[in-house]
Each structure stands twice: as structure tokens, then as C-alpha cells.
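Breakdown of the fold
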Amino acid sequence: MEPAVTDHVEVKTYNHPTGGWGSLKSLIRKARDQGLLLSDIWSTLLKQNKADGYMCVSCSWAKPAEPRPFEFCENGAKATMWEQTSKRCEPSFFAAHSLTELLDWPDHDLEKQGRLTEPMRYNSATDKYEPIAWPDAFGDIGAQLRRLDPKSVVFYTSGRASLEASFMYQLFARIYGSPNLPDSSNMCHESTSVGLPESIGSPVGSVQLEDFAKSDMMFFFGHNTGVTAPRLLHPIEDARQRGVPVITFNPLRERGLVRFKNPQNPVEMLSPGPGTKMSSDFFQIRAGGDIAAMTGIAKAVLALDDVARERGAKRVLDMAFIEEHTSSFAEFEAYLRATDWEGIVRRCGISRADLEHVAEIYSVANAVIGNYGMGLTQHRHGTENVQMLCNLLLMRGNIGKPGAGISPLRGHSNVQGQRTVGISEKPELVPLDKFRQFYGFEPPRQKGLDTVETCKGVIDAQVHGFVGLGGNFVRAVPETGLVEKAWRNLDLHVEIATKLNRSHLIAGKVTYLLPCLSRLEKDVQASGPQWVSVEDSTACIHGSFGSRPKPSEHLLSEPTIVAELAKACVAGKSSIPWDEWVANYARIRDEIERCFPTHFKDFNKRFLTPGGFHRDIKASKRVWQTPNKKANFKLPTTLETDPDIDVSGKDVLTLITVRSNDQFNTTVYGYRDRLRGIIGTRMVLLMNDEDIRRMGLSAGQEVALEAHADDGIERRVKGLRVTPYSIPSGNCAGYYPELNPLVPLWHHAHKAHVPAVKSVPVRIVA
Ligand SMILES: Nc1nc2c(c(=O)[nH]1)N[C@H]1C(S)=C(S)[C@@H](COP(=O)(O)OP(=O)(O)OC[C@H]3O[C@@H](n4cnc5c(=O)[nH]c(N)nc54)[C@H](O)[C@@H]3O)O[C@H]1N2
Ligand SMILES: Nc1nc2c(c(=O)[nH]1)N[C@H]1C(S)=C(S)[C@@H](COP(=O)(O)OP(=O)(O)OC[C@H]3O[C@@H](n4cnc5c(=O)[nH]c(N)nc54)[C@H](O)[C@@H]3O)O[C@H]1N2
Ligand SMILES: [Mo]
């Protein structure tokens, strides 16, 4: 593949606030690139995240009941424009380019071709995609699936598909007989989904949007808020203006959590000032140092409590809460007392005085929110990371009261929701008995493959078929080299997608590319135009109504495609009236309510509630659905987030893979990571000055990276530009997905199997 570099490369320090004029300029440029008039895009954007409009396709952050006039951000608007583009990737494009040729194109150039317009089938004789009629595609895919062992077929979901489409999709897979329903959260917040149930008995966070207005302190661990959930900057800004401390831990000084200027506030925009200071304290922690840092803070809180007790003053620990609601505090206390400061400071790179300072602030705050992102979850001990943050919050009763709680900031706009309606490889999380009873089929009961296991299955030739409901699986996963090579042996590869990406270019023996409508577009079925629904990061369910015209007359909705596949493949094997469901999506919502009655009570009546309706999250009411009915302090096993990897060698570094301000996952909008000052290239290696000197390198030099793993597998990425950057020594950073070929498949979270892409051991090859 051609490296992701343009003719004009520029690296400079960016000292402006997030938001501000830079963000408006960036939007105007993007509208032009997509061939859109600003007036055209404007009418759509005004409907974004409004109760009568559509829910943004970018991040999953909460949507307020009383939205601002413009309830969108720079990146949400970019995502909308990217989807609304006037460009079309038509059969003529595929006639002109073979897949072998397209494999050389960068990700940006593939998606830039615009919206897919017709169903396509791969022809290996010409090495090209060719158009095919929908009925023929469905008929053939159904027949191909029937020929395969269902247990060897994987049904992946990316995280954008609606609750309605996702619910139907998992039913289809299960009727067919496959338990293999991995999704993007296997690469993302699975550490949360595994860690939180053990700690607090809920797989999702405990906060709601209104808690942000009541909070009097916030933590941010490993989240690039200004890029990946920018609308959250507003409640943080409000909190900062109330004087609320915001304490951030991140190896990179991400701009959004440093300075912010609200582009929707004319007074702020016109004032020359630097914008709001977002983090009251910002600690550039070493990658993987979070268990150590949180242990240090907790240890210092305990020391403050000791002093209070000696003096007969009010306790710092919330003993009433700890006694009534939690278990294993004594063990946790013993762990804190036994852990010495020297190890803590060495591991996280933050001084004892700084951690004690954080503990002092924390010990007087009454309502604290612990926010976190991929910086905690994408490590070998990602689950322990999440549980350690729970421990810290539980010490002072900060879960289950107003203004406080644990806040995992989710990724895709409906990734949390699709898990709620049955997308899961873990059978115990899904109401299989109800499916059996209501729909008259016998669902498979064994555990299915998750994402890492799917990759392994493809490499070992145990997986024979793959169906993707959105996403760019081959590009997003680790061990790209082996996965891509083995992928070609698949008997069947089917992708349901809006735009062309690299995964679509890795053909199996039979390969289909099925184009679908997006949420922005009007979806008309027999009963009229349809609403769909999604769940946000705070467990609120929203209706979403698309009003844009179809990009092509051939496009079908995701529910239609799933229903047609089911009819072609598993007709007569269940009592589901697929056509009736598709004719009126309210019918699907009734079925979701029937299968998940506690979460979706009166679904059709409530789903248009402004601000969404909240799912019943028991932990937010201090009801703990753990086996012992308590919130549990969980002890970390070591201070290391990524044990067993040795990065002590002279030329070895720990690589952090991150997103730029100009991408959504593998969708690369462009080459302007404005907030990091990196323009014109994505092939950079951000390094600490001292490491550059120590390794005898120089700024601007091109180097290659190799995985530091002695397992005989070659993993290498060439053409990276050494870029001095403010980052702890021993760490380096670069962009996902360009650096995914460096990640060994076995380098993942122990329990959750999330690839440990925030701490990849690498060697520099000059
Ligand atoms: N615009 C835009 N929005 C998005 C996405 C996108 O690509 N673009 N992706 C969506 C998806 S699917 C997801 S999951 C979310 C991801 O949103 P984030 O969780 O913000 O994801 P990342 O950008 O991968 O990185 C998170 C941050 O963790 C920091 N970090 C790395 N290692 C460590 C560590 O060991 N400790 C700590 N404390 N910090 C660390 C990195 O420097 C980075 O700032 O965003 C969603 N929203
Ligand atoms: N090294 C490294 N690897 C990572 C990460 C990292 O931080 N570092 N992050 C991980 C994370 S958090 C995630 S979530 C995964 C993301 O993995 P995926 O979710 O698999 O990837 P995306 O890039 O979001 O998928 C983009 C594609 O989805 C399709 N698409 C977009 N909208 C729609 C729609 O409405 N319907 C349908 N059917 N298709 C649509 C388009 O064809 C588009 O090309 O990557 C993971 N991989
Ligand atoms: Mo994600």
C-alpha cells in the first residue's frame, strides 16, 4: 500500500484552543472537498442530535434533552459530510480498477470515491467487482452459507447499525446456527464489559448527562475528548467555569483537555483570549502507568484518612458506604499499605507529591466522575485498569449518587446499544431461551468467537465464512500481515457497507459487497418512512429519523438486507415474519421490548423522548447485580498494565497507536491532525527528544518500526518520520490503522481480549 503521505508535509506546535476558528475553517474545507454547498449541509446539520432529527453517526456521547441550536461538533459535522458526499463509487469505478491495483491505494483514497451504489460480486477471473442484481446476490449468499458449517461462519458488527438492524442480525446468525457474533467493542470497551460487572454489577457506566452539571470533580484517564467526543467539552467547560477541578492523565497533551474555545459562543469566539483551561492538572503519565498512578492516589487518600482518624476529624473514606455497599475493602487496604511509593512513581512517571496533590483534591470533593477511554481499556491489564478506577471511586462512595459515577466513553454511535439487543459472542449475556420460545428455533448455546479468536480462526483455517455488518475488520484488527494473507482462503466474504475500504479488497473465494443506506437517509418501507433507534454512552435510547434522499436508487436499508439474507438462507427455520418486520420497524421495536422487557419497557412510546429514555442501570441506584450483591474492590495483580513484555532494550520503545483529528477509526477524512500540528502525513513516529538523541536519530529522519517479539513472525512498518513531540521517554506514538501490522495477535487484554494497542513493544530500525 502507498504510504499515507501528501506532497506538503508540515509539523508545527499547535498552541490554539480546541474548537475556535480552527474548527470552523476545517469544516468549510471539508464541505468543499465533498462537493457540498454549505447551505446544503447546514439544513442537515441543524437536525443532528435533535429529538425530531437523526442521531450523529460519529461518537456515542449523550444527546441533551434541550439541545443547543447547533448540537454538533467539528468531527460530527465531518462525519455527516463524509456520508452526505456528492461523490459516488459506481460500477464504472470497479470496471476501471482491479482489486490488486486498489490494494495499493491509501485508506483515504478508497473511501473518498464516495458512496457505494450497487451490489457487487467479485470475479476472480478479472480480479474485479461486477454489478449483480439484489435477488441473485441474496440467493447465492444464502446457498453459499447453507453449504458451510455455521460454526465456521462469523457475523461481525461494527457499531453503527441501529438497534433494529442489530437485533435482526443476531437473530439471523443464531437461526443459521452460528454463535460467532464478535463486534468492534471486542477491540474497544470489552475491558469495561468484563471489568465493570465484577466490580459494580453493570456492563455499562453509571452516569447520565445531568450528573456532569452536579459533579464537583472529574478524572479523565486515557481519552482524547477534543477529538473523539467533542460535545463532551461543553459540560466540561461549564464545570470548569464553576471552578470544578478536572484532572487528566494522558501521555500526550491532547489539546481538547488543555484549552477549549466554544465555536458556538460568539462572545468567546471574538474574544482574543486563549479559551477555557480544561484540565486543572494534566499529568503526562507513561503508557500503561495507570494502575500505578491510581494505586498512588488511593494510597495517599488512605494516608489522609489515617490522619483524620488520629485527629478524630471526619473520615476521608466513606465508611458508611464501604460497610453497607462493598466487599473486600480490607484486602484492598492491605494492598495499598503493602505497595511502596518507589515502584508506583517509577512505573507511572508521576511524582509522589503530584499524586498526593490529586488525593487532596479528591478527598474533599463530594461528587466525582471517573471518565475514561482507550488509554485504559487497550492494555493487557485493561480490565484491571477499569476496576482500579472503580476502586478509587468506591473509596469515597462515588458510584450511585448524583454528580458521581464511572463513565466509560464509548466509541461508535450505537456500539453500546447493539450489545444490549443481543450482539454478543457470550451466550450467558443473551436471552436465548426467549428467542427459542418466541421464534421457534434452537439457538446455539456454546461460546462464539470474539474478534481476536476470529483472527486466529482465519489464520488457522478454522473460520470459513465472514459476514460484516459495517466496519473494516481486516484493517482494524492486529496482526494485519497474517490475517490479510489467510483471508483469501475464506469460502465466503460478505460486506454490508456504505463506502469502499481495504477489507473489501481482500477477496475470499466468493465475495460480495452490499451497499446500504445510512441513518441520515430517508428509509421508506411499506408502512411509510421509518425511524430507527440507538443507545448512547450514558445508556439513553434515542429515535433517529433520516430525511436525506437516497444516494442511489439501488440502496437498501440494513434491516431489509438482513431480512433478505435470512429469507434466502434460513427460510422456514423460525416463525419470524421477516417481511412484516421490515414493513414497519415499530414491529421490530415491539419484539426488542418482548425479549428485553426491563430495558425497553414501552419502547415505541418512549423512544422519541427528547434526550432519550434511560435504560434501567441498577448500579446508578446502588443496587449491585454482582453474585454477592455488593460492589467489589478488585485487587490489581501487579502495577504493570502490560506485564511480560520487556521494553528495557536500548532501541526498544512502547508504542501508543492513536486517532488523528481527521479520521473516524479506519476512515481517514484527510491529512490534517490540526490539534497535534501534524499536516500532510500520517506516517509519523512521535518521540521524546531524549530518546531521539539517545538512539542517535534526528528529527525528520525516516525509520522503520518492527514489533519487539521473538516469535519468528516478521512485523514491520517502513517510512515513518521521526517527529519530536511532548511524550514521556520510553514511549512513542503513531497512527492507527497504519501501525496495526506491528501488533501481535497474542498481545491483548488477558480477560477481555481487547488488543493491547496502547502499549506495543517496538524496535526502531534506522
Ligand atoms: N473523531 C473521532 N471520533 C471518534 C473516533 C474516531 O476515530 N474519530 N472513534 C470512536 C471510537 S470507535 C472510539 S473507541 C472512541 C475512542 O476515543 P479515545 O478513547 O479517545 O481513543 P484514542 O484516540 O485511541 O486514544 C485515547 C487516548 O489515550 C491516551 N493513552 C494512550 N495510552 C495511554 C495510557 O496508557 N494511559 C493513559 N492514561 N492514556 C493513554 C492517548 O494518548 C489518547 O489521547 O472514539 C470514538 N469517536
Ligand atoms: N492499532 C489500533 N487498532 C484499533 C484501535 C486503536 O485505537 N488502535 N481501535 C479499535 C477500535 S476502538 C475500534 S471500534 C475498531 C473499529 O473497527 P471497525 O468498526 O471495524 O472500523 P471502522 O473504521 O469504524 O469501519 C468503517 C467502515 O464502516 C462502513 N460503514 C460506515 N457507516 C456505515 C453504516 O451506517 N452501515 C454500514 N453497514 N456500514 C457502514 C464503511 O464502509 C466504512 O468504511 O478498531 C480497533 N482497532
Ligand atoms: Mo471503538
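Residues numbered from 1 in each chain as written. Chains lettered and ligands numbered in written order. Predicted model: local features only at pLDDT ≥ 70, side-chain atom pairs only at ≥ 80, totals over all residues. Heavy atoms only, no water.

1. Focus: the domain arrangement of the protein
If you check the domain split of the protein, you get domain 1 (15–83), domain 2 (88–176 + 416–611), domain 3 (208–403) and domain 4 (652–765). Taking the mean C-alpha position of each, domain 1 and domain 2 sit 26 Å from one another. In terms of surface lost to domain 2, no three residues of domain 1 exceed Met55, Trp82 and Glu83, which account for 35% of the buried area on that side. If you look at where domain 1 meets domain 2, you find one salt bridge. Glu83 is the salt-bridge partner of Arg160, the closest N and O atoms lying 2.9 Å from each other. For the pair domain 1 and domain 2, the number of links is eleven residue pairs in polar contact (both at pLDDT 80 or more). (Domains from an automatic or database assignment. Buried area = accessible area lost by both parts, 1.4 Å probe. Salt bridge = Lys/Arg side-chain N within 4 Å of Asp/Glu carboxyl O. Polar contact = N/O pair within 3.5 Å; in protein donor to acceptor, adjacent residues only side chain to side chain.)

2. Considering helix α12 (residues 233–241)
Buried residues dominate α12, accounting for seven of its nine residues. Positive phi shows up at Gly243, right after α12, with a value of about 85 degrees. (Buried < 20%, exposed > 50% of the residue type's maximum accessible area, 1.4 Å probe, protein only. Helix = DSSP H or I, 4+ residues; strand = E, 2+ residues; numbered from the N terminus.)

3. Topic: the site of ligand 2
Around ligand 2 there are 31 residues in total, and Glu111, Tyr156, Thr666, Tyr736 and Asn740 lie nearest to it. Arg659 is positioned with one of its side-chain polar atoms (N or O) 3.1 Å from an oxygen atom of ligand 2. Contacts to ligand 2 include Lys758, whose side-chain N or O atom sits 3.1 Å from an oxygen atom. Contributions of two or more residues to the shell around ligand 2 are made by α24 (473–476) and β17 (492–497). Grouping the constituent residues of the shell around ligand 2 by class yields eleven nonpolar, 14 polar and six charged. (Near = heavy atom within 4 Å. Nonpolar A, V, L, I, M, F, W, Y, C, P; charged D, E, K, R; others polar.)

4. Structural notes on the sheet that holds strand β8 (residues 217–221)
Strands in a sheet are paired, the pairing made by backbone hydrogen bonds, and the direction either parallel or antiparallel. The strand order across the open sheet formed by five strands is β12-β9-β8-β14-β15, and the pairing between neighbours is parallel. Unpaired on one side and paired on the other, β12 (281–283) and β15 (405–408) mark the two borders of the sheet. Adjacent strand axes in the sheet meet at a mean angle of 15 degrees when their direction is disregarded. Examined bridge by bridge, β8 and strand β14 (residues 368–372) share five bridges and lie parallel to one another. Across the sheet, residue Phe221 finds its bridge partner in β14, namely Tyr372. Across the face of the sheet, helix α20 (residues 382–395) comes into contact with β8, β14 and β15 while running at roughly 170 degrees to β14. (Pairing = 2+ DSSP bridges. Axes fitted to C-alpha atoms, helices over the stretch in contact; angles between N-to-C directions. Contact = heavy atoms within 4.5 Å.)

5. Focus: the packing of aromatic side chains
Following the criterion strictly, the structure yields 37 aromatic pairs and no others. Between Trp61 and Phe212, the ring centres sit 5.3 Å apart and the planes meet at 85 degrees, which makes this aromatic pair edge-to-face. Note that Trp61 is positioned in the loop between α2 (38–45) and α3 (74–84) and Phe212 in helix α10 (residues 209–214), a separation of 151 residues in sequence. When the centroid spacing of 5.5 Å and the interplanar angle of 80 degrees are considered together, the rings of Phe155 and Phe172 count as edge-to-face. One end of the pair, Phe155, is in strand β7 (residues 153–157); the other, Phe172, is in helix α8 (residues 163–176), with 17 residues separating them in the sequence. (Phe/Tyr/Trp six-rings, centres within 6.5 Å; stacked < 30°, edge-to-face > 60°.)

6. So, unusual backbone geometry
That bond from Tyr736 to Pro737 is cis: its omega, 5 degrees, falls within 30 degrees of zero. Here Pro737 shows up in the loop between β33 (731–735) and β34 (760–765). Backbone geometry at Asn49 places phi at a positive 60 degrees, although glycine is not the residue there. By relative accessible area, Asn49 is classed as buried at 2%. One non-glycine residue, Ala461, adopts positive backbone phi at about 60 degrees. Position of Ala461 relative to the elements: it lies in the loop between α23 (451–459) and β16 (465–469).

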